[in-house]
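# Survey of secondary and tertiary structure
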Amino acid sequence: MKEYPFLASVIVPMYNVEAYLEACLDSLVAQTVSQAKMEVVLVNDGSPDKSGEIAKRYAEKYDNFFYYEKENGGLSSARNFGIRKARGKYFFFLDSDDKLTPKTIKAVTDFFEKHYDEVDEVAYYEIPYMNGKRLEGHYRFRKYLRKSGIYDLEKYPFIKQTRVNVCVKNMGEENLFFDETPGFIQEDQEYNNRVLMKKMKLGYCKEGCYLYNRNNDGGIVSQKFHAYYLFEKSTAYFEKLFSYFPDRVPLYFQNMLVHDLNWKLNKAMLYPFHYDKEAFDGAILRLQRLLERVDIRVITENPVIDAEHKQYWLKMKPNARVTQYADNKEHGLLCEGKFVHRSSEMDLRLIRIQVLENGNLRFRGCLRTVFFDHTEREPEIYCVTNGDREKAEKMQVYPSKFGWLENVVQTNRFFAFEYEFDPKKVKEFYHEVRFDGYVIPVRYSFASQAVFRYLNRLFSVVRGESLVRFEKKRQCFSLQTITKEEADRIMEKRRDRFFLPPWAKRLRKEAIALRKEQVIWLYGDLYTVRKDNGYYQFLHDFEKKDGVLRYYVTARKKEEVQDLFTPEQRKFVVTFGSREHQKLYLAASVIFNAFYGRSPVSPFANEREEQLFYDMEQFFVVYLQHGVLHASLYAQNSAENARADKVVVSSAFEMENYREKYHYQKADLIPTGMARYDHIDRNKKPKGRILYAPSWRSYLTQNLGPSKWDVQKNRIIGSEYYKGMKAFLESEELTDLLEKEDLCLEVKLHPIIAAATDLFDFRSERIRYAESEVEIEDYDYFITDFSSFVFDYAYLCRPILYFVPDYEQFSSGMGHYRELDLPFEKAFGELAKDPQTALSCLQKMVAQKGK
């Protein structure tokens, strides 16, 4: 057997890791294996920071540390450089922001020495951590790799070794190298697969441990995780992998494909929606051809795919024939003669029970079952009232938002419905599903807004003049008419009955007392704006003398908004999230807001905290909107999901859109127009200005929590979004046009990305940033991508230009949404997808107005 200068070579690539590198290298110095048996190959991949200086210092101090420099070529290139320089019998790969525990090198090499002829790769344990806290490890360690040994990958196909917590043999001239294809992000997985392919066995040493630092996931790893960048390379990789096996693809590699598709589906980054129809259909066909070679069990027995998505992948697999089965005892789905879904009941989720203006109650529900995934048939859901099955009412159903992943893919055919009834005439009701003459009972589950899941103990709730009780054993609802006084007594008793923290008990008591004394209405806007429809509605309603106390909730410091109110109105301005706001919120009967998500409306820090009070919330929510709805946001705006009882709409388009797409009832829509339109002067003359108001991009920011975003400037600079805006704003043609026509262009960035103002270098005094608050009537022309601001300028009848420099990324779904309910081709102006076209369109607009 060949002699090697070292038993082990640890290959450490480096790029912009000065904050982590010393800890990484110290973990190698601390290894229990003799330092004479281990070399550390340090590869500086053209790092611009002080990583090189740190690495040189270790190479000078320790004889077994060897430092190399190369031009930047990426992670795979740096590892391959290290493989060519390494002289150990075994190779370890350690990313320079990660660490190894002290016994790792010795334990793993000892294990490999005992099993050298059996395997070509040995994996070892991995612990991910972030901000000093240990995260949950990969399922392979909990379910399969529980003890050291040799694992046959045909017997254990779900192990899925895709990271570099591995040790491989030094095969000399036959060494394998990492794929250096630009933009290919599956290099770890591809490398492992090729190493394992020959013997289809994996060694595992439990005593070794790789400490994976998740704090620096955006460092040496590409941030371009989306189908726009990934689809072609990823799909081509699996096509190549499967081509190695003309007869039958090993189960292990089948699982690699299915797992890859599933995590991308869950992250809404699987499908290339930016393709035209022909190309997109071709992309789907490629995936289906791969799935045709996947065994049914790889999908149905997969430990990380939930039951709902397993049916999705069976639908995507062309050679999977799934049929329905039902009798009086059970129902299910059959594939290849075996059940792939089986149950005696169907899950019916109660979304919430609303009190309507006429005093009726509305039950919103969703039938969450995969039973209808493989058929065009819709479920027949009946509501049985007062025990009379003969007069059971059939529910009208529509696609539920719970069957969608965000706004991107409908994975399951779940169905939503609503049931309105007079509580004085109904003493009891329940639902059932009827199918081919059989009755399938339902088992109720509850969304948080439905209240019945409150502390897992509350099975009754006050709604209007009714006490609605859930009878768990009988799986039905009963109703009892009560007075307002009785309702208050129920709330007060619950304060003492439940094990609530003292602050919650005090708050409940104060809110109940306030609700008895006063009628409270609240008004508010989204935190990113200083004033919007909530503010204008508050001003309008404040003057009414109807006994209602009205409060405006601001997310800003009171001194920042004092100038917006009269001295009397200031007494009724409260700070968002304050104790006062919490008390008013629980006492309120109506809440007006320009945003209807939980976080901008609720004063509580999180949903868990608010659950302590769900049973008390009796308010009616009116969504004032912060712009005309034209973005396609089915998952957020569907009637079953939105935290709004009524919606103010401003156009016939919106009225139809909310009813047809988002399934609101006509009575739920208030066609008065947004309050701010009362404050737009259509007769005011513009002042020779152009307003450019681009929207934000979720893929260029980092979500820090509910309604909190951090601008990622490094992402912005590398984006087509930024490059296009920069080229447009800094072009000589634009400057010349502004000079010639005596115009000024003002840029108003979305509040979420307002911190990015230093990224632009305006070369003309005629181009500047707009004030935080603008008088929209001052502008002759308006430029945007898809900001709802556009409707204000349509209302003013001013020329509009749509400029979307990242149109392909937008249409691919990289951002918050990828479609508009009012598409560009039916909107109010021309669409430009590049800076030059935008300039040409603007020139044309100015010339036409001049005529």
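Residues numbered from 1 in each chain as written. Predicted model: local features only at pLDDT ≥ 70, side-chain atom pairs only at ≥ 80, totals over all residues. Heavy atoms only, no water.

Turning our attention to the overall build of the protein chain. Per the secondary structure count, the protein chain includes 27 helices and 41 strands. For 851 residues, the compact-globule formula gives about 29 Å, and the C-alpha radius of gyration of the protein chain, at 31 Å, lands near that figure. For the C-alpha atoms alone, the extent of the protein chain along its principal axes is close to 95 × 80 × 55 Å. The proportion of buried residues among the 851 residues of the protein chain is 56%. Residue pairs in contact within the protein chain that sit at least 24 positions apart in sequence constitute 72% of those at least 6 positions apart. Each charge class in the protein chain can be summarised by its mean position, and for the 129 positive and 126 negative side chains these summaries are 5 Å apart. (Helix = DSSP H or I, 4+ residues; strand = E, 2+ residues; numbered from the N terminus. Rg over C-alpha atoms; globule rule 2.2 N^0.38 Å. Buried < 20%, exposed > 50% of the residue type's maximum accessible area, 1.4 Å probe, protein only. Contact = heavy atoms within 4.5 Å. Lys, Arg positive; Asp, Glu negative; His and termini not counted. Charge placed at Lys NZ, Arg CZ, Asp CG, Glu CD.)

As a further point, take the sheet that holds strand E11 (residues 322-326). Spatially, E11-E12-E13 is the arrangement adopted by the three strands of the open sheet, whose pairing is antiparallel. Only two strands of the sheet have a single neighbouring strand rather than two, namely E11 and strand E13 (338-343). Averaged over all pairs of adjacent strands, the angle between their axes in this sheet comes to 20°, without regard to strand direction. Judged from the five bridges that link them, strand E12 (residues 331-335) and E13 form a sheet pairing that is antiparallel. The residue of E13 that forms the bridge with Leu334 is Phe339. (Pairing = 2+ DSSP bridges. Axes fitted to C-alpha atoms, helices over the stretch in contact; angles between N-to-C directions.)

With that settled, the discussion passes to the confidence of the model for the protein chain. On average, the protein chain scores 91 in pLDDT, and the residues at 70 or more come to 96%. Confidence drops under pLDDT 50 across residues 218-222; counting only partners more than four residues distant or on other chains, this segment forms four contacts. (pLDDT = per-residue confidence, 0-100.)

Counting through the fold element by element, Glu607 comes out in helix H19 (residues 607-610). On a C-alpha basis, the gap between Glu607 and Gln449 in space is 10.0 Å, while along the polypeptide they are 158 residues apart.

Formed by 143 residues in total, the largest nonpolar core has its most connected members in Leu28, Tyr271, Trp313, Phe363 and Phe477. For Tyr271, the contacting residues outside a window of four places in its chain are Ala227, Leu265, Phe280, Ile284, Leu287, Tyr312, Trp313, Met316, Val409 and Ser812. The next biggest cluster of nonpolar side chains, apart from the first, holds 65 residues, and it includes Ile482, Val574, Phe620 and Val621. (Core = buried A, V, L, I, M, F, W, Y, C linked by side-chain atoms within 4.5 Å.)

This paragraph deals with the pattern of salt bridges. All chains considered together, the criterion is met by 59 salt bridges. Ionic pairing is found between Glu308 and Arg368, a salt bridge with its closest N-O pair at 3.0 Å. Here Glu308, found in helix H11 (residues 307-316), pairs with Arg368, found in strand E15 (residues 361-368); they are 60 residues apart in sequence, far enough to count as distant. With a closest N to O distance of 2.9 Å, Asp532 and Arg676 form a salt bridge. Linking Asp532 in the loop between strand E27 (519-524) and helix H14 (533-542) with Arg676 in the loop between strand E33 (669-670) and strand E34 (689-693), this pair joins segments that are 144 residues apart in sequence. Each member of the pair, Asp532 as well as Arg676, carries the same accessibility label: buried. (Salt bridge = Lys/Arg side-chain N within 4 Å of Asp/Glu carboxyl O.)

Inspection of helix H2 (residues 51-61) places Ser51, Gly52, Ile54, Ala55 and Tyr58 among the buried residues, and these make up the whole buried set. The buried residues of H2 occupy an angular sector of 160° when the element is viewed end-on, so they sit on one face. The exposed residues of H2 that point more than 90 degrees off its buried face are Glu53, Glu60 and Lys61. Contacts made by the buried residues of H2 are with strand E1 (6-14), helix H1 (21-29), strand E2 (38-45) and strand E3 (65-70). (Arc of directions from axis to C-beta.)

Below, the discussion takes up the pairing of strand E25 (residues 466-471). Bridge analysis of strand E24 (residues 460-463) against E25 gives four bridges, and the strand direction is antiparallel. For Val461, the partnering residue across the bridge sits in E25 and is Val468. Counting the residues that bridge the hairpin from E24 to E25 gives two residues, and of these Gly464 lies at a positive phi of roughly 65°. Across six bridges, E25 lies against strand E26 (residues 476-481) in antiparallel orientation. Its bridge partner lying in E26, Arg469 is registered against Ser478.

Our focus in this paragraph is unusual backbone geometry. Located in the positive-phi region is Ala268, a residue other than glycine, with phi close to 55°. Of note, Ala268 is situated in the loop between helix H8 (251-266) and helix H9 (277-292). Ala268 sits in the buried class, given a relative accessible area of 17%. A positive phi angle is found at Asp436, which is not glycine, with a value near 50°. Secondary-structure assignment places Asp436 in the loop between strand E22 (428-435) and strand E23 (438-446).

The next thing to look at is the environment of Leu290. Mapped onto the secondary structure, Leu290 falls in helix H9. You can call Leu290 buried: its relative accessible area is 5%. A C-alpha to C-alpha distance of 8.6 Å links Leu290 and Lys317, two positions 27 residues apart in sequence. With residues up to four places along the chain from it excluded, the contact list for Leu290 reads Thr235, Phe238, Glu239, Phe242 and Leu257.

Glancing now at the side chain of Asn412. By the secondary structure assignment, Asn412 is in the loop between strand E20 (409-410) and strand E21 (415-421). Take Asn412: its relative accessible area is 1%, and that puts it in the buried class. A polar contact of 2.9 Å, which involves the side chain of Asn412, links it to the side chain of Thr411. Leaving out residues up to four positions away in the same chain, Asn412 has contacts with Glu308, His309, Gln311, Lys315, Val370, Asp373 and Gly403. (Polar contact = N/O pair within 3.5 Å; in protein donor to acceptor, adjacent residues only side chain to side chain.)

Time to look at the packing of helix H6 (residues 187-197) against H8. Contact pair H6 / H8: the axes reach a minimum separation of 12 Å and the direction vectors enclose 170°. Taken together, H6 and H8 sit at an angle that is classed as roughly antiparallel. Each of Gln189, Asn193, Leu196 and Met197 in H6 lies in contact with H8, whose residues at this interface are Tyr252, Phe253 and Met256. Split into classes, the residues belonging to the contact of H6 with H8 amount to five nonpolar, two polar and no charged. (Parallel < 35°, antiparallel > 145°, perpendicular 65-115°, else oblique. Nonpolar A, V, L, I, M, F, W, Y, C, P; charged D, E, K, R; others polar.)

Here the focus is the sheet that holds strand E37 (residues 744-747). One open sheet accounts for six strands, arranged E38-E37-E34-E39-E40-E41; its pairing is parallel. The sheet is open, and its two edges are formed by strand E38 (767-769) and strand E41 (830-832), each paired on a single side. Pairs of neighbouring strands in the sheet enclose a mean axial angle of 25°, with direction left out of account. Set on the sheet, helix H24 (residues 732-741) makes contact with E34, E37 and E38; between it and E37 the angle comes to about 125°.

This part is about the packing of H6 against helix H7 (residues 227-243). Taken N-terminus to C-terminus, the directions of H6 and H7 make an angle of 5°; their axes are 12 Å apart at the nearest point. Taken together, H6 and H7 sit at an angle that is classed as roughly parallel. Residues Gln189, Glu190, Asn193 and Met197 of H6 form the contact with H7, whose participating residues are Tyr237, Phe238 and Leu241. Along the lines of polarity and charge, the residues of the contact of H6 with H7 split into four nonpolar, two polar and one charged.

Let's shift gears to the pairing of strand E14 (residues 346-355). Burial analysis of E14 places seven of its ten residues in the buried class, which makes it a mostly covered element. Summarising the sheet, E14 and E23 pair through five bridges and their orientation is parallel. Residue Leu350 lies in a different strand from E23, and its bridge partner there is Phe446. Where E14 and E15 come together, eight bridges link them in antiparallel fashion. Paired with Leu350 across the strands is Gly365, a residue of E15. Connecting E14 to the next strand, E15, in antiparallel fashion are five residues, including Gly359 with a positive phi near 90°.

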